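# Structural characterization, general
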Amino acid sequence: MYVELNSILNSTPDTFTQGEFILVSDRRSDASFLIHHFLSFYLRARCRVCFLGLVQSFSHYSAVSQRLGVSLTQAKEKGQLIFFEGLKESLSVLVPRDANGASPAINFLRDPSVGLRSLYEFVRSSLSSFNSREKAADGAEEWGPPVLLVDDLSVLLSLGVSVGAALDFSHYCSATVCSQLQGNMVMLVRCDGEEEEEDEGSDRLLKGLTHQCSLSLHVEGLPTGYCRDIHGQVEVCWRKRRGEGLHTQKKLFQYKVHDKGASFFARGTSSTVL
Amino acid sequence: MAAPVNSVGKPSPERLPLNTTSFQKKTRSKLISIPGTRPSVQNGQLLVSTGVTSLDYLLGGGLAVGTVLLVEEDRYDSYSRMILKYFLSEGVVCRHELFVATAQDDPDDILQELPAPILDDVAIHKPLEQPLLSCEPSNSLDAMKIAWRYQNLPKVQSALASSSRFGHYYDVSKTMEPEIRQAAKCHRFYLPEHPTLSSPTHSPVLESYSALLKSLQDIIHKEGFDVAAPMSRPRNILRIGLHSLGSALWGDDLTCHDNPAHRHALTTFLYGLRALLRSSLAVAVVTVSSHLIQDRALMGSITRLCDNAIALESFKGSERETNPLYKDYHGLLHVRQVPHLNCLASQLPDHKDLAFKLKRKQFTIERLHLPPDLSETVSRVSRGEQAGAAAVASACGSGTSGNKHLDF
Amino acid sequence: MLPELLQSTDAGGLLIIRDFASFSGRHLLKSFINASLNRNEAVHVLGFEISKEELKHGLKEPNNQRLHIHDAFSDPLGWTDHPAFTVQQFSFEELTHLITQTSQHKPVNLVIDSLSWILRHVSPTVVCKTLQQLKKGGAVRSIIGLLHADMHQNGTVGSVCHLATSVITVTPGTKRDEAVAKITKRSKSGKVMQDEEMFIINEDLTVTIQNKPNHAGSKRTDSEEQESDPTANLTFNLRLSDTEREAKEKLALPFVFSKEKKTALLHSGPGSGRILYEPDANDNYDQEDPDDDLDV
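Cut-offs applied
- Residues numbered from 1 in each chain as written.
- Chains lettered and ligands numbered in written order.
- Predicted model: local features only at pLDDT ≥ 70, side-chain atom pairs only at ≥ 80, totals over all residues.
- Heavy atoms only, no water.
- UniProt positions renumbered as here; feature names shortened; annotations may be inferred.
- Helix = DSSP H or I, 4+ residues; strand = E, 2+ residues; numbered from the N terminus.
- Buried < 20%, exposed > 50% of the residue type's maximum accessible area, 1.4 Å probe, protein only.
- Areas by Shrake-Rupley, 256 points an atom, 1.4 Å probe, with all protein chains shown as cover.
- Salt bridge = Lys/Arg side-chain N within 4 Å of Asp/Glu carboxyl O.
- Axes fitted to C-alpha atoms, helices over the stretch in contact; angles between N-to-C directions.
- Parallel < 35°, antiparallel > 145°, perpendicular 65-115°, else oblique.
- Left-handed = near helix turned anticlockwise from the far one by under 90°.
- Contact = heavy atoms within 4.5 Å.
- Nonpolar A, V, L, I, M, F, W, Y, C, P; charged D, E, K, R; others polar.
- Phe/Tyr/Trp six-rings, centres within 6.5 Å; stacked < 30°, edge-to-face > 60°.
- Lys NZ or Arg CZ within 6 Å of the ring centre and 35° of its normal.
- 1 Å grid on protein atoms, 1.4 Å probe; cavity = no way out; pocket = protein on both sides within 12 Å on 5 of 7 lines; lining within 4 Å.
- Points joined across faces, edges and corners; volume = space filled by probe spheres on them.
- Polar contact = N/O pair within 3.5 Å; in protein donor to acceptor, adjacent residues only side chain to side chain.
- Buried area = accessible area lost by both parts, 1.4 Å probe.
- Pairing = 2+ DSSP bridges.
- pLDDT = per-residue confidence, 0-100.

The name recorded for chain B in an unreviewed UniProt entry is Elongator complex protein 4, from Betta splendens. Entered under Pathway (unreviewed entry) in the UniProt record, the comment concerning chain B runs "tRNA modification; 5-methoxycarbonylmethyl-2-thiouridine-tRNA biosynthesis."

An unreviewed UniProt entry lists chain A under the name Elongator complex protein 6, with Betta splendens given as the organism. Per UniProt, chain A carries the Sequence similarities (unreviewed entry) text "Belongs to the ELP6 family." As its UniProt record puts it under Pathway (unreviewed entry), chain A is described as follows: "tRNA modification; 5-methoxycarbonylmethyl-2-thiouridine-tRNA biosynthesis."

Structure representation (structure tokens):
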């Protein structure tokens, strides 16, 4: 996890807001480094995590998490992490070798018009079985609130799922994970093109999710162009804040991704400039 | 130069065969012996050469095994086809296996056009020699008295030399000798030969793509390219070349309509291709006629589903052909995407303002520079050429819009 | 105009709050619910987008008997076995049935959070018909709906707003807590009133109106920037006291004529000199060729 991002978001693995829906989005950039942050953050916070890894293999996330100091394999063995490997599951639908063997969660690949209900059922059954008061098999561990991470939601649009179905999926996940189980949810959405263009797909998905979320982190390239030492800017927007008033608060930071983390700084205060 | 591959940090945990993908950290004993590959200096990943050494450099050392390279075709498909041929030729020279799929020309036509490698050290691998190499010690025992430890090594020593070298050069004016080419095992998929079965599913994938995916999986399983396959056979890399996917000849209307009916056929296929490759020792180069696809957002999702992506823009037929600024080059090359796999960030060379030129013995990719102002009068270049420079800068993604001319 | 809308008790009205992803209109919606409860009216809320607890949070009397929240958040599509309220139940008959079941004979205000959710699953024509029937029919006195204008095509938003008696469009203001409301109200007589106000929603969900937005000065990007008065901290005096100003105005300027002289000059009477000019043949009128007389 990235220490500076923790202080920006005012959260540590011991104290963080529960019931949050965090939306991570990017436009012509790559915000997946934030997903790695949240994955290692919530694993360190001893939460039970359900990770829908739809775009990369397990070993990719495992290798990066290793650099951030968390072992995904161990977490899986302990039962703390449920990892859904979308690529592997999809092969059983796209190139069927035998009749059964496909997880029902990937049913949307067979017929995208059906929607993501079975994927939601998979999430619900994975996370509901984590009762926070339930002790694990070895009797010593107690897990924190359940967390759902999705990387990423826009690939579903490329596979034929409609924007409405994706929004319904996120609505149901938010109702179950955030409201009912008081856990957290992090979803990544990727956009292409400028905001003003009529993009029926990922832009509409982004807007719909922005209405639903309580915290949004939007990653973009620098408006002034390419820079070797500053990889882009992140706009953090707090939408729903219970105790502190009703207004939205926005802050802008610039960031740089290193080998073992990422650093965040206020605009114009990059170490190369100062 | 093959650097030894170290496993970073703790020793790798016990791997269940089902979970292995081609992105495991390779320990020294496992896969270092595949000819034509080398580990990346940044994250230990196994890389192969694309056949074009300057392209290898731009991609961070080479093409990672288990990934896809998307090549957006130039208007007349001349240079993208050339890159595909370089890729396949490199496979022949490195003794990899090939898989070529086309819908337009017969794969054998492409294979016959492969450029000849520039040989100093590539041995002509005669298949007849092979049985001799599996030596029987009895015959040659008397041959070497002192150096008897070396008697079982193959006689043609240069074969090892060529496989340990990464990246070769090719002479475009000559085609590859049939003996060299036939030494490499090649699988082919020619769409007209595959009858289209009507699939009962509502899956968005087209029958042609499904058949191609199935054929790929069959080859990978049969020939042992699975990462999880037993270690009994010597491992090799499968090089997959898919020509002009998304074109009308594949049955896809992506390039025909502004609002295609098979909107998600190609993207679903690419998703399945990525799934296949991540669990096999294979690399794929896919060419797409992106200049015919009207929907930029769709092009964006296609790019994101491939790991590496470059676009070729040739000057032929455009007004830039006569622009003196570009007279040294054949076209522009845009690097649209390079992956960060198994790591958060990687050091990559600058990808701005690249132009390529197909020379006889080399496909060069260089940073576009303005020619030096050698005229006696210190006159500025005309406005039209300055506009060309600005266009080049803006064409390379989020490039700076600054003027290249410095006003001294 | 916003306070009047908040306090209005007109029947048969449809009020639509349009918001965007940049600023949520839900707080304003809650203000309307609060105001309605204060007037002892019954309020039925169709809560699709946030949970019951979140809706109740901040309301003055969340456990008021007159407030009925129908939980359409937990299972609006019927994916579980016991959905509380599904989107299919958004029809005139079902809603009337639902309302008359729970409330007796008090006038009922129906609040929909949000219409965008319904529009995603029910076609706009059906939604418009239902809204129109509810407007006319007896069980519901007035309807307030939240609509996310950036989630739909312009035509959809336009058609739904066309049915409304009042539309409030909420956009973020320049300062942190402020928002700008553009209000359009159609009265029964057909008159259309429009207004634009800046407002703040307080902690207790009452609305405070700020000054009307000044268009010249409202384009301030940095909200912390104070208005700097350039004549403030100078070593010389650039201002005028009142006596000085009077003296300045009394001063007769040299070329300012009295009123009589002005009129005399403007209307030149007979006998004033006039100059008559007839161009001669020798006079050169052609500006183009100054050397016309050169006959070379």
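Once the structure has been displayed, the description carries forward.
### Here's the deal with the overall build of chain A
Each helix and strand in chain A was counted, giving nine helices and nine strands. Taking all 274 residues of chain A together, the buried fraction comes to 63%. Looking at chain A as shown, the accessible area adds up to about 10,600 Å², and 47% of this sits on carbon and sulfur atoms.

### Describing the pattern of salt bridges
Taken as a whole and judged by the stated rule, the model has 28 salt bridges over all chains. Glutamate 41 of chain C is paired through a salt bridge with arginine 39 of chain C; the nearest N and O atoms lie 3.0 Å apart. Glutamate 41 of chain C gets classed as buried once you look at its relative accessible area, which sits at 6%. Judged by relative accessible area, arginine 39 of chain C falls into the partly exposed class, the value being 24%. The partner of aspartate 242 of chain C in a salt bridge is arginine 245 of chain C, and the shortest N-O contact between them spans 3.7 Å. With a gap of three residues between them, aspartate 242 of chain C and arginine 245 of chain C both fall in helix α8 (residues 242–250), about one helical turn apart. Taking relative accessible area as the criterion, aspartate 242 of chain C reaches 57% and is therefore assigned exposed. Take arginine 245 of chain C: its relative accessible area is 38%, and that puts it in the partly exposed class. Among the charged side chains, a network of salt bridges with common partners joins Arg81, Lys85, Asp105 and Glu113 of chain B.

### Describing the packing of helix α5 (residues 86–94) of chain A against helix α10 (residues 265–278) of chain B
Running from amino to carboxyl end, α5 of chain A crosses α10 of chain B at an angle of 115°, the nearest separation of the two axes being 9 Å. Here α5 of chain A is positioned roughly perpendicular relative to α10 of chain B, judged by the angle of their axes. Crossing of α5 of chain A against α10 of chain B: the hand is left-handed. Contacts between α5 of chain A and α10 of chain B involve Gly86, Leu87, Ser90, Leu91 and Leu94 of chain A from the former and Thr268, Tyr271, Gly272, Arg274, Ala275, Leu276 and Arg278 of chain B from the latter. Considered class by class, the residues forming the contact of α5 of chain A with α10 of chain B number six nonpolar, four polar and two charged.

### Structural notes on the packing of aromatic side chains
Within this structure, the stated rule accounts for 27 aromatic pairs over all chains. Here the aromatic cluster, defined as three or more aromatic residues joined through ring pairs, consists of Tyr79, Tyr86, Tyr170, Phe356 and Phe363 of chain B. Looking at lysine 76 of chain A, its charged tip hangs above the ring of phenylalanine 58 of chain A, at a distance of 4.2 Å from the centre.

### Here we look at empty space enclosed by the protein
The probe, sized like a water molecule, is rolled over the atoms to show the empty space still left. Residues and elements named next belong to chain B. A complete count under the given rule lists seven cavities of 30 Å³ or more for this structure. Counted as a void, the largest cavity has a volume near 190 Å³. Asn43, Gln45, Leu47, Leu59 and Pro339 are the residues nearest the centre of the largest cavity, which is lined by 18 residues in total. Its residues placed into classes, the lining of the largest cavity shows eight nonpolar, ten polar and no charged.

### Some thoughts on α5 of chain A
Turn by turn, an α-helix covers 3.6 residues, leaving residues three or four places apart pointing in a common direction. The element α5 of chain A is largely enclosed, with a buried count of seven among its nine residues. Within α5 of chain A, the full set of buried residues consists of Gly86, Leu87, Glu89, Ser90, Leu91, Val93 and Leu94 of chain A. Those residues of α5 of chain A that are buried are in contact with β2 (48–53) and β3 (81–85) of chain A together with α9 (207–222) and α10 of chain B.

### Quick look at unusual backbone geometry
That bond from aspartate 151 of chain A to aspartate 152 of chain A is cis: its omega, -15°, falls within 30 degrees of zero. Tracing the backbone through its elements, the reader meets aspartate 152 of chain A in the loop between β4 (146–151) and α7 (154–158). Residue serine 114 of chain C is reached from aspartate 113 of chain C by a cis peptide bond, and omega for that bond is 0°. Looking at where serine 114 of chain C falls in the secondary structure, it is placed in the loop between β4 (108–113) and α5 (115–121). One non-glycine residue, serine 244 of chain B, lies in the positive phi region at around 55°. By secondary structure assignment, the location of serine 244 of chain B is in strand β9 (residues 238–245).

### A closer look at the interface of chain C and chain A
Contacts between the two partners involve 32 residues from chain C, matched on the other side by 26 residues from chain A. In this structure, the salt-bridge partner of aspartate 168 of chain A is arginine 120 of chain C, at a minimum N-O distance of 3.0 Å. Summed over the shared surface of chain C and chain A, the result is eleven residue pairs in polar contact (both at pLDDT 80 or more). Examining the composition of the side of chain C that touches chain A, we find that three residues originate from one element, α5 of chain C, more than from any other. Class assignment of the residues belonging to the side of chain C that touches chain A gives a composition of 14 nonpolar, ten polar and eight charged.

### Remarks on the interface of chain A and chain B
Listed per partner, the contact involves 50 residues of chain A and 44 residues of chain B. Here chain A packs against chain B, burying approximately 3,700 Å² in sum over the two surfaces, 57% of which is carbon and sulfur. Considering only the side of chain A, the residues that lose the most area to chain B are Leu94, Ser158 and Tyr226 of chain A, jointly responsible for 15% of the buried surface there. Applying the counting rule to chain A against chain B returns seven residue pairs in polar contact (both at pLDDT 80 or more). Of all elements in the fold, only α2 (32–44), α3 (58–67), α4 (72–78), α5, α7 and β5 (184–191) of chain A reach the threshold of two or more residues within the side of chain A that touches chain B. A class-by-class count of the residues in the side of chain A that touches chain B yields 20 nonpolar, 17 polar and 13 charged.

### A few points about the sheet that holds strand β1 (residues 37–39) of chain B
Residues and elements named next belong to chain B. Strand order in this open sheet of three strands is β1-β2-β3, and the pairing throughout is antiparallel. Two strands in the sheet have a free side with no partner beyond their single neighbour: β1 and β3 (63–64). Bridge count between β1 and strand β2 (residues 46–48): three bridges; the pairing is antiparallel. Within the sheet, the bridge partner assigned to proline 39 lies in β2 and is leucine 46.

### So, the packing of α10 of chain B against helix α11 (residues 296–305) of chain B
All names here are of chain B. Packing of α10 against α11 brings their axes to within 9 Å, and their N-to-C directions diverge by 10°. By the angle between their axes, α10 is roughly parallel relative to α11. For the pair α10 and α11, contact is made by Leu266, Thr267, Leu270, Tyr271 and Arg274 and by Ser301, Ile302, Arg304 and Leu305, respectively. Looking at the contact of α10 with α11 residue by residue, the class counts come to five nonpolar, two polar and two charged.

### Some thoughts on the environment of alanine 345 of chain B
Position of alanine 345 of chain B among the secondary structure elements: in the loop between β12 (331–337) and β13 (354–358). The class for alanine 345 of chain B is partly exposed, based on a relative accessible area of 22%. Sequence separation of alanine 345 of chain B and asparagine 43 of chain B is 302 residues, and the distance between their C-alpha atoms is 9.9 Å. What alanine 345 of chain B contacts, discounting residues up to four positions off in sequence, is Val257, His258 and Asp259 of chain A together with His340 of chain B.

### Observations concerning the confidence of the model for chain B
Residues and elements named next belong to chain B. This prediction gives chain B a mean pLDDT of 76; 71% of its residues lie at or above 70. At the level of individual helices and strands, chain B shows its lowest average pLDDT in helix α12 (residues 383–395), which scores 38, and its highest in strand β4 (residues 68–72), which scores 96. This model gives residues 122–141 a pLDDT under 50, and the stretch forms 20 contacts once residues within four places in sequence are excluded. Here residues 378–408 is modelled with pLDDT under 50, and outside its nearest four sequence neighbours on either side it reaches 36 contacts, counting other chains as well. Here the predicted complex scores 0.78 on pTM and 0.90 on ipTM.

### Things to note about the environment of histidine 262 of chain B
Summarising the element assignment, histidine 262 of chain B is placed in the loop between β9 and α10. Excluding residues within four positions of it along the chain, histidine 262 of chain B makes contact with Leu206, Gly251, Asp252, Asp253 and Leu254 of chain B.

### Let's talk about the sheet that holds strand β8 (residues 249–257) of chain A
Residues and elements named next belong to chain A. With mixed pairing, nine strands are arranged side by side in an open sheet as β3-β2-β4-β5-β1-β6-β7-β8-β9. Bordering the open sheet on either side are β3 and β9 (262–266), each of which pairs with just one other strand. Sheet twist, expressed as the average angle between the axes of neighbouring strands with direction ignored, equals 20°. Here six bridges tie strand β1 (residues 21–27) to strand β6 (residues 215–220), and the two strands are oriented parallel to one another. From the neighbouring strand, aspartate 26 faces β6, where its bridge partner is valine 219. Contacts from helix α8 (residues 163–180) reach β1, β2, β4 and β5, with the element oriented near 160° to β5.

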